[in-house]
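Examining the three-dimensional arrangement
As a plain string of letters, each chain reads:
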Amino acid sequence: MMQNIKLIRYLIFFSCTFFLTIAVSAETVTGCRIGNDPFLYTGYQGVKPYPVSQYYIPTFATYTTPTKDFLQAWYNDYSSCPRFVGNPSYGAQCAVPGITVVANGSVQNLGNTITYTITYNCPIDNWLPVGLIMISFVAVHFIRKS
């Protein structure tokens, strides 16, 4: 009997922690976006030089690792989880190797550093199958004990 009470306590603790963590967690994603390109390049590689001439060597934050459909998928389906919070914030110009090039005495195809805040404030309905599976495991445990 004591083991059953311990099992129930652990299950309640895990369930509450799991659902509260999902309900209140958020993160920021920073990357480089070039024009209307649907990719957000999120792999930060540090600040790198782009030499235009012997005397002019500008440096830009450089990103790699494109994430396709990062923006469009979440904006298209508002009921999806995770979702964006507020407007993105824009920062300094950035570069993506292979896209950003030096030509005609200037650095071309620069993007903007952009930061999105994403929340995981998911509707509880999305987690109903997880709850049912957990309840099923507890029910099987009690049926075996009796």
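Refer to the structure presented above.
Residues numbered from 1 in each chain as written. Predicted model: local features only at pLDDT ≥ 70, side-chain atom pairs only at ≥ 80, totals over all residues. Heavy atoms only, no water.

Note: strand β2 (residues 40-49) against strand β3 (residues 59-67), eight bridges, orientation antiparallel. Note that in β3 the partner of Tyr-44 across the bridge is Tyr-63. (Pairing = 2+ DSSP bridges. Helix = DSSP H or I, 4+ residues; strand = E, 2+ residues; numbered from the N terminus.)

This part covers helix α3 (residues 128-145). For α3, which comprises 18 residues, the first-to-last C-alpha distance of 26 Å matches the rise-based estimate of 26 Å (1.5 Å per residue) to within 8%. Among the residues of α3, Gly-131, Met-134 and Val-138 are the ones counted as buried. For α3, the arc enclosing every buried residue in end-on projection is 65°, short of the 170-degree limit, so these residues lie on one face. Looking at α3, the residues exposed on the side facing more than 90 degrees away from the buried face are Leu-128, Phe-137, Ile-143 and Arg-144. (Expected span 1.5 Å × (residues − 1). Buried < 20%, exposed > 50% of the residue type's maximum accessible area, 1.4 Å probe, protein only. Arc of directions from axis to C-beta.)

A few words now on the side chain of Thr-113. Of note, Thr-113 is situated in strand β8 (residues 111-119). Look past the residues within four positions of Thr-113 in its chain and what remains in contact with it is Thr-30, Gly-31, Tyr-63, Ser-89, Tyr-90, Gly-91, Ala-92, Gln-93 and Cys-94. (Contact = heavy atoms within 4.5 Å.)

In this section: the state of the cysteines. The final tally for this structure, using the stated rule, is one disulfide. A sulfur-sulfur distance of 2.0 Å marks the disulfide that ties Cys-32 to Cys-94. A torsion of 90° about the S-S bond marks the disulfide between Cys-32 and Cys-94 as right-handed. One end of the pair, Cys-32, is in strand β1 (residues 26-33); the other, Cys-94, is in strand β5 (residues 89-95), and 62 residues separate them in sequence. Taking the relative accessible area as the measure of exposure, Cys-32 reaches 0% and is therefore buried. The exposure class assigned to Cys-94 is buried, which follows from its relative accessible area of 0%. (Disulfide = S-S within 2.5 Å.)

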